[in-house]
Amino acid sequence: MREQGARARASVRALGLAIALALPGVVLAAEPAATTAATDVASAAGMGMVTFNLHHDREDWPSRRRTILAELKRLQPDAVALQEVIQRRNVRNQAQWLASQLGYQYVFVSTDPVGAPKRYGNALLTRRPILARGDHLLKPLDDYRTVAHLRIDVDGAPVNVYATHLNERSDENGQRIRRIQVEDLLRFITETSAGAPVVIAGDFNALVDAGDLSELRSHYGDSYGSVHVNTDLAGVSTLNRHYYQAPSRIDHIFFQQDAMVAREAKILFDQPDDSGRWASDHYGVWTRLQFAPKP
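Residues numbered from 1 in each chain as written. Predicted model: local features only at pLDDT ≥ 70, side-chain atom pairs only at ≥ 80, totals over all residues. Heavy atoms only, no water.

Quick notes on the confidence of the model for the protein chain
Averaged over all residues, the pLDDT of the protein chain is 89; the fraction at 70 or higher stands at 85%. Low pLDDT (under 50) marks residues 1-42, which in the prediction has seven contacts with non-local residues, meaning those over four places away or in another chain. (pLDDT = per-residue confidence, 0-100. Contact = heavy atoms within 4.5 Å.)

Description of the nonpolar core
With 30 residues, the main nonpolar core has M47, M49, L124, V159, V161, V199 and M260 as its most contacted residues. Those residues in contact with V199, other than ones at most four positions away along the chain, are M47, M49, V159, N160, V161, Y162, I253, F254, F255, M260 and L289. (Core = buried A, V, L, I, M, F, W, Y, C linked by side-chain atoms within 4.5 Å. Buried < 20%, exposed > 50% of the residue type's maximum accessible area, 1.4 Å probe, protein only.)

Comments concerning the packing of aromatic side chains
Using the criterion set out here, one finds four aromatic pairs in the structure. Geometrically, the ring pair formed by F204 and F254 is edge-to-face, given 5.1 Å between the ring centres and 85 degrees between the ring planes. Here F204, found in the loop between β8 (198-203) and α6 (214-217), pairs with F254, found in strand β10 (residues 251-255); they are 50 residues apart in sequence, far enough to count as distant. The two residues F204 and F254 agree in class, both being buried. Ring geometry for W278 against Y283: centres 6.4 Å apart, planes inclined by 40 degrees, an arrangement best described as tilted. Considered together, W278 and Y283 belong to a single accessibility category, that of buried residues. Residue placement shows R65 over the ring face of W97; its charged tip is 4.0 Å from the ring centre. Taking the ring centre of W286 as reference, the NZ or CZ of K266 above it sits at 5.4 Å. (Phe/Tyr/Trp six-rings, centres within 6.5 Å; stacked < 30°, edge-to-face > 60°. Helix = DSSP H or I, 4+ residues; strand = E, 2+ residues; numbered from the N terminus. Lys NZ or Arg CZ within 6 Å of the ring centre and 35° of its normal.)

Describing the pairing of strand β7 (residues 157-165)
Each regular strand shows side chains that alternate between the opposite faces of the sheet. Most of β7 is tucked away: seven of the nine residues are buried. Pairing of strand β6 (residues 145-154) with β7, which is carried by eight bridges, proceeds in the antiparallel orientation. Among the inter-strand pairings, I152 is bridged to a residue of β7, identified as V159. Here β6 folds back onto β7, and the loop between the two strands holds two residues, one of which, D155, carries a positive phi near 55 degrees. Across six bridges, the pairing between β7 and β8 is parallel. Within β8, the position partnered with Y162 by the bridge is I200. (Pairing = 2+ DSSP bridges.)

Focus on the packing of helix α3 (residues 61-75) against helix α4 (residues 94-102)
Remark: α3 packs on α4, axes separated minimally by 11 Å, with the N-to-C direction vectors making an angle of 45 degrees. By the angle between their axes, α3 is oblique relative to α4. For the element pair α3 and α4, the recorded crossing hand is right-handed. Residues W61, R65, I68, L69, L72 and K73 of α3 pack against Q94, W97, L98, Q101 and L102 of α4. Of the residues in the contact of α3 with α4, the class split is seven nonpolar, two polar and two charged. (Axes fitted to C-alpha atoms, helices over the stretch in contact; angles between N-to-C directions. Parallel < 35°, antiparallel > 145°, perpendicular 65-115°, else oblique. Left-handed = near helix turned anticlockwise from the far one by under 90°. Nonpolar A, V, L, I, M, F, W, Y, C, P; charged D, E, K, R; others polar.)

Section: the side chain of D184
Position of D184 among the secondary structure elements: in helix α5 (residues 172-192). One polar contact links the side chain of D184 to the main-chain amide nitrogen of K139, over a distance of 2.8 Å. Here D184 is in contact with H136, L137, L138 and K139, once residues within four sequence places are set aside. (Polar contact = N/O pair within 3.5 Å; in protein donor to acceptor, adjacent residues only side chain to side chain.)

Re unusual backbone geometry
With omega at -5 degrees, the peptide bond leading from K139 into P140 counts as cis. In this fold, P140 is placed in the loop between β5 (130-138) and β6. The phi dihedral of Q76 is positive, around 50 degrees, even though this residue is not glycine. Relative to the assigned elements, Q76 resides in the loop between α3 and β2 (79-87). Positive phi, normally seen in glycine, also occurs at N205, with a value near 50 degrees.

As structure tokens, this is what we get:
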């Protein structure tokens, strides 16, 4: 009897399947394949990147640095671009201190000579093996702007990361200077990237769609804008509203769109600590990039 019942149930299932296939518009879902594809996308190789303007050593740096360090330890980004990094006789190089606490390597670049009582500039930190490093003084040289460069090994794939800080003036002269700096930055990237994917992070002192950044945007995508396109988050500010009245997103992480895809992005340090102290007069930006699938 049990065998007859099993045969009957099998017949019913077969009949149901035949009817379903005969109905117009019915498609059987390939659930295991879809699940596998989603898992592959979620686990695809990539990297996390942070950019943050440190506001040098103003407003109780020893307290602020604890907040910054705690967040970077939590995120564990592959690379961190820092601007307004300072060292003085009584202040250890800020990038060096953060790198030592995180167990990262770092490169610091400044127009101030080595050994000067005060040095001020940009830095890159990374937890990945360093394949190449460099720096460059951006034209026009009398604006004292720099770019730091590291080529890092991200799970066997080389990636170039660049950190910079462009002219801060909002008038026509500032726009002209930023155009010159962008052109020089792009030349430096062409000379040093060696065909590996490129990520450029920093304080650009300009909105992402500003004319003075148009040449940069024609080559590289805006990671935060790509993730939050057509959402309320697209209009956020990276200038701390506690210090600045006009909201402006001027801190950016650009990426090479034919080689990488922006998957996630968020603003960092946009709340004060328990004592009401802010981490900086800027907010930070974090993004997660994945390597684009090869055709």
